[in-house]
There are 2 protein chains.
Amino acid sequence: MEITGAILVGSADRVGEAGFAAVDPATGRNIGPDFHEAGAADVADAAALADGAFAIFSETAPEARALFLETIAEEIAAIGDALIERAMRESGLPRARLEGERGRTIGQLRLFASVVREGGWLDVTIDPAQPDRAPLPRPDLRRRNVALGPVAVFGASNFPLAFSVAGGDTASAFAAGCPVIVKGHPAHPGTGELVARAIRRAAERCGMPEGVFSYLPGTTNELGAALVADPRVKAVGFTGSRGGGLALVRIASERAEPIPVYAEMSSINPVVLFPAAAKARGAALGEAYAASLTMGAGQFCTNPGLVIALDGSDLDAFVGAAAATLGQSPAQQMLTPAIHSAFGRGVDALRANDAVETVARGPAGEGENQAQAALFGTDAAAFARDPALGDEVFGSSSIVVRAADPAEIAQLVGGLEGQLTATLLFDEADEELVAPLIPLLARKAGRILANGWPTGVEVCHAMVHGGPFPATSDSRTTSVGALAIMRFLRPVCYQNLPDHLLPAALRQDNPYGAPRRVDGVLTLA
Amino acid sequence: MEITGAILVGSADRVGEAGFAAVDPATGRNIGPDFHEAGAADVADAAALADGAFAIFSETAPEARALFLETIAEEIAAIGDALIERAMRESGLPRARLEGERGRTIGQLRLFASVVREGGWLDVTIDPAQPDRAPLPRPDLRRRNVALGPVAVFGASNFPLAFSVAGGDTASAFAAGCPVIVKGHPAHPGTGELVARAIRRAAERCGMPEGVFSYLPGTTNELGAALVADPRVKAVGFTGSRGGGLALVRIASERAEPIPVYAEMSSINPVVLFPAAAKARGAALGEAYAASLTMGAGQFCTNPGLVIALDGSDLDAFVGAAAATLGQSPAQQMLTPAIHSAFGRGVDALRANDAVETVARGPAGEGENQAQAALFGTDAAAFARDPALGDEVFGSSSIVVRAADPAEIAQLVGGLEGQLTATLLFDEADEELVAPLIPLLARKAGRILANGWPTGVEVCHAMVHGGPFPATSDSRTTSVGALAIMRFLRPVCYQNLPDHLLPAALRQDNPYGAPRRVDGVLTLA
């Protein structure tokens, strides 16, 4: 398995007019080979191929599409240790983390294979004809979901496997029947190419149409903009910064035909600590908080960036334990120089804020792009007054907000922006305070956790990795878990078509064995 | 039941600073009483009340919400003939049509009551804990759908009951658990107020929270803009013109928190006539085409505004019969002076187009705002060259495009904008030509009909009244039929909450009896 630096447009390897290098964040040095920048012509050709592939790929039977997803998983596994080693060098992430992430990526592809086979995503709904109905007969009406069209995927730097080239966006778009064009993340171009070649091989092995997948590496905003603006692209999946996500949303909304953008952007993942829990196990919770905060240098979308709690000595114990743990938590390698500087700017802004106390810092690191963790404190009035205190600082930085009473906690929650997660730390004696907060938090977040930490997003059927703006650009969806497939589908109704002209999913004999709603009654195959 | 012209903000009747009148389109004269223009203060107060009502209303049990919908239906029926008579005067629509529309409106409310009770819309999904899983235990994860928040509804002029104050948008938003604020359509303010009072009475009878419904009549764009811009409004339903819909989309996207707009806008509903059908029954089809086109003065979103067919003598027979029928089809009353003038401008532009032949006109009408039907013809090259020929002319105007061969038909279809419907008129001998067009049309339209006419939209489970842009602003949905409820929902996941703190829908004992997906397996209650 070779990394050539090529642009992968359908089955062709291409060179670009300009080049760029992968950077080892631990040394700041370039890693070979030279990578080619994809340009406007590559976008246009990839989009044309994807558009051509759509007719065939979108109507592949569930079994064929599931096999394709499983073959991608197989091909990724077959890359072997070369993938882990390359990802370690490009991301600075440790081996165990990347091996886990590879397992998650493979598991995710297999989950979507099972989802595709089960057929619930088709939402097959049949209202049979009622020829004798008065005053007017009812026609035969049958509805299924169809794929939206080619999808552009923008991976994230912080999960070079699970949220990148063959990550959740790609897996769910393929599952829905959409060809995929990945804009490769410049922070891990070699890793990206290895995975892209695995997908291409899987497409070839499965006889998928040319153009079902293309991979466009590059560093420029123009590349992404051209991809989202291409009229043949019909939806966008993105994980990254608020600024980046909003830029894509704007481009998509200004097209002659606007398209949906699923951007997962910004979240500080509030944690509410309740008094009985703080009293019973404040110190232990404080240690666990610091551990969750510093895990992976805090580079998770669901990092706990905010704790809200009642002021008092129990909270002091929590904060004290967190500060002690964080103070001994070694500095960690960050993903890229840009992320490291943004983290530094975010921390410095909080340190310089008169209304904010710097509670603890982790040890400074040696070497390039090391994250020095930071814990801050403030009170409810200051937090409510200054919206900047609620901005995400991507990395191991968090702020503890002291509230005077439960009403102030509810007010703080009511003033929050949309979030991916909200966490409740409580004991039985807290439940009277907890219960009324749950519906408030449901208006703010996509996932509500009890007595855990938000880092760690299970890939399963019930997961929601989404939430109200600005956590995402579309609160009606998730980017992790089985439900993610629904982002790339739309319903089509067929009226009075003879059975043999209907798409297979809607034929009377139910060849895919999908669940169906018939005359309003859900029936299993 | 009295029409007072008031603004209905929650349970209060209000007066406005300015007034407007209802107009009888048949005479151009005002009909009393004076109506009050809702303003910015009414919007703010209605939104504050709706926001306050949300917590309670969104968590009402399905049975309570279903009863509310059924009580609205009952209260609308109880208005009796006064509703029909008022609607006849304000819309110019005939009695039979409005009685049918009332039946449809009531049936639609009852359909959503049954949908709410069944519980599939909750999409309850449970991945039980796996405490012994290695390397990490799996938490208990449970997902359900929750209401988005208060919804703003903009009704249409052409269905003063079924797409207006208590139409599909309102019914589906209530069904989802969203309070509703209706911006009353100025073309039927008396009808609107009667229905608004029926909803208010139903809310009172059912003990629904103050502010679950408000009704803001008015004529200004500012009123609608203020409603969509209000931060407490979380989604918008709209049926109307492309310009109006896009204006609301723009306002919604420029908010600090962008929100979804479901705008059903513009469609010319292509009909493809195939050769064997044209040969066997061209004249009969032509008569039926003219009948569908002129029904209700052509004022349907699904009016057949375009026919595509192979050129030749069989098509001549079709067009000849259509022209003869249309030529004898009496002029009909249009809904409003504005719609009548827009229709006139659209017809005049086609008449003045050198590439377009005026095939037939209906008789001119006597009296105000009468629609004189129009049938036009052109060839494929001209249609492809001039995008204006594909613009919707709301009313009884349609154009027949003659294609040289099946490839030209496919090209024409490929060049169409998004549509609500696409219709195939064919016989068995045509099926080889029909089959490859079906997937092409599925990319363009929300509903594909065989051997029928697109006017007449069944309110049922399988219906899709939606389609790619510009038919709607969001192809992933429908504004008619049971699926419309999904527009106003978003998923929330609950992790490791004790059973008694979970929302009822997710508790172990399944109190709502909803279908559930457990560990990926769909199970009926």
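Residues numbered from 1 in each chain as written. Chains lettered and ligands numbered in written order. Predicted model: local features only at pLDDT ≥ 70, side-chain atom pairs only at ≥ 80, totals over all residues. Heavy atoms only, no water.

If you look chain A up in an unreviewed UniProt entry, it shows as NADP-dependent aldehyde dehydrogenase from Sphingopyxis italica.

1. Quick notes on the overall build of chain A
Of regular secondary structure, chain A possesses 14 helices and 23 strands. Over its C-alpha trace chain A gives a radius of gyration of 25 Å, about what one expects of a compact globule, namely 24 Å for 525 residues. Along the longest, intermediate and shortest principal axes, the C-alpha atoms of chain A span 75 × 65 × 40 Å. For chain A, with 525 residues in total, the buried portion stands at 61%. For chain A, long-range pairs separated by at least 24 residues make up 76% of all intrachain contacts whose partners lie at least 6 apart in sequence. A total accessible area of about 17700 Å² is found for chain A, and carbon and sulfur atoms account for 54% of it. Placing the 42 positive and 59 negative side-chain charges of chain A at their respective mean positions leaves the two points 5 Å apart. (Helix = DSSP H or I, 4+ residues; strand = E, 2+ residues; numbered from the N terminus. Rg over C-alpha atoms; globule rule 2.2 N^0.38 Å. Buried < 20%, exposed > 50% of the residue type's maximum accessible area, 1.4 Å probe, protein only. Contact = heavy atoms within 4.5 Å. Areas by Shrake-Rupley, 256 points an atom, 1.4 Å probe, with all protein chains shown as cover. Lys, Arg positive; Asp, Glu negative; His and termini not counted. Charge placed at Lys NZ, Arg CZ, Asp CG, Glu CD.)

2. With respect to helix α11 (residues 337-351) of chain A
Residues and elements named next belong to chain A. End to end, α11 covers 21 Å across 15 residues, agreeing with the expected 21 Å (1.5 Å per residue, within 8%). Listed as buried for α11 are Ile339, Phe343, Gly346, Val347 and Leu350. Projected down its long axis, α11 carries its buried residues within an arc of 95 degrees, all on one side. Among the exposed residues of α11, those pointing more than 90 degrees away from its buried face are Ala338 and Arg345. Buried residues along α11 sit in contact with β15 (357-361), β16 (370-371), β17 (374-379) and β18 (397-403). (Expected span 1.5 Å × (residues − 1). Arc of directions from axis to C-beta.)

3. Section: the relation of the copies chain B and chain A
Rotating chain B by 180 degrees and translating it 0.0 Å along the rotation axis places it on chain A, where the RMSD comes to 0.0 Å. Viewed as a symmetry operation, the transformation between the two copies matches a two-fold axis. Most of the interface of chain B is mirrored in chain A, where 100% of its interface residues are also at the interface. (Least-squares fit on C-alpha atoms with pLDDT ≥ 70 in both.)

4. Re the packing of aromatic side chains
Scanning the model with the defined rule gives 22 aromatic pairs over all chains in all. Cluster of aromatic residues (ring-pair linked, three or more members): Phe57, Phe68, Phe174 and Phe213 of chain A. Against the face of Phe159 of chain A rests Arg97 of chain A, its NZ or CZ located 4.4 Å from the ring centre. Here the guanidinium or amino end of Arg487 of chain B rests over the ring plane of Tyr262 of chain B, the centre of that ring lying 5.5 Å away. (Phe/Tyr/Trp six-rings, centres within 6.5 Å; stacked < 30°, edge-to-face > 60°. Lys NZ or Arg CZ within 6 Å of the ring centre and 35° of its normal.)

5. What about the sheet that holds strand β18 (residues 397-403) of chain B?
As summarised here, the arrangement of the 12 strands in space is β23(A)-β22(A)-β5(A)-β6(A)-β21(A)-β20(B)-β19(B)-β12(B)-β13(B)-β18(B)-β17(B)-β15(B), forming an open sheet in which the pairing is mixed. For this open sheet the edge positions go to β23 (521-523) of chain A together with β15 (357-361) of chain B, each flanked by a neighbour on one side alone. Neighbour-to-neighbour, the strand axes of the sheet open up by a mean angle of 20 degrees, direction not taken into account. In this sheet, β18 of chain B lies alongside strand β17 (residues 374-379) of chain B in parallel orientation, the contact comprising 6 bridges. By the bridge assignment, Ala374 of chain B is partnered in β18 of chain B with Ser397 of chain B. Across the sheet, helix α11 (residues 337-351) of chain B is in contact with β15, β17 and β18 of chain B; its angle to β17 of chain B comes to roughly 35 degrees. (Pairing = 2+ DSSP bridges. Axes fitted to C-alpha atoms, helices over the stretch in contact; angles between N-to-C directions.)

6. A short note on the sheet that holds β18 of chain A
Taken together, 12 strands build an open sheet; the order of strands is β15(A)-β17(A)-β18(A)-β13(A)-β12(A)-β19(A)-β20(A)-β21(B)-β6(B)-β5(B)-β22(B)-β23(B) and the sheet is mixed. If you trace the sheet from one side to the other, it starts and ends with β15 of chain A together with β23 (521-523) of chain B, each paired once. Shown here is a sheet whose adjacent strand axes are inclined to one another by a mean of 20 degrees, direction ignored. Direction of pairing for strand β19 (residues 419-425) of chain A relative to strand β20 (residues 445-450) of chain A: parallel, over a ladder of 5 bridges. Across the sheet, residue Thr421 of chain A finds its bridge partner in β20 of chain A, namely Arg447 of chain A. Packed on one face of the sheet, α11 of chain A meets β15, β17 and β18 of chain A and runs near 35 degrees to β17 of chain A. Together, β12 (270-273), β19 and β20 of chain A together with β21 (489-495) of chain B form the strand contacts of helix α14 (residues 431-442) of chain A, whose direction differs from that of β20 of chain A by roughly 155 degrees.

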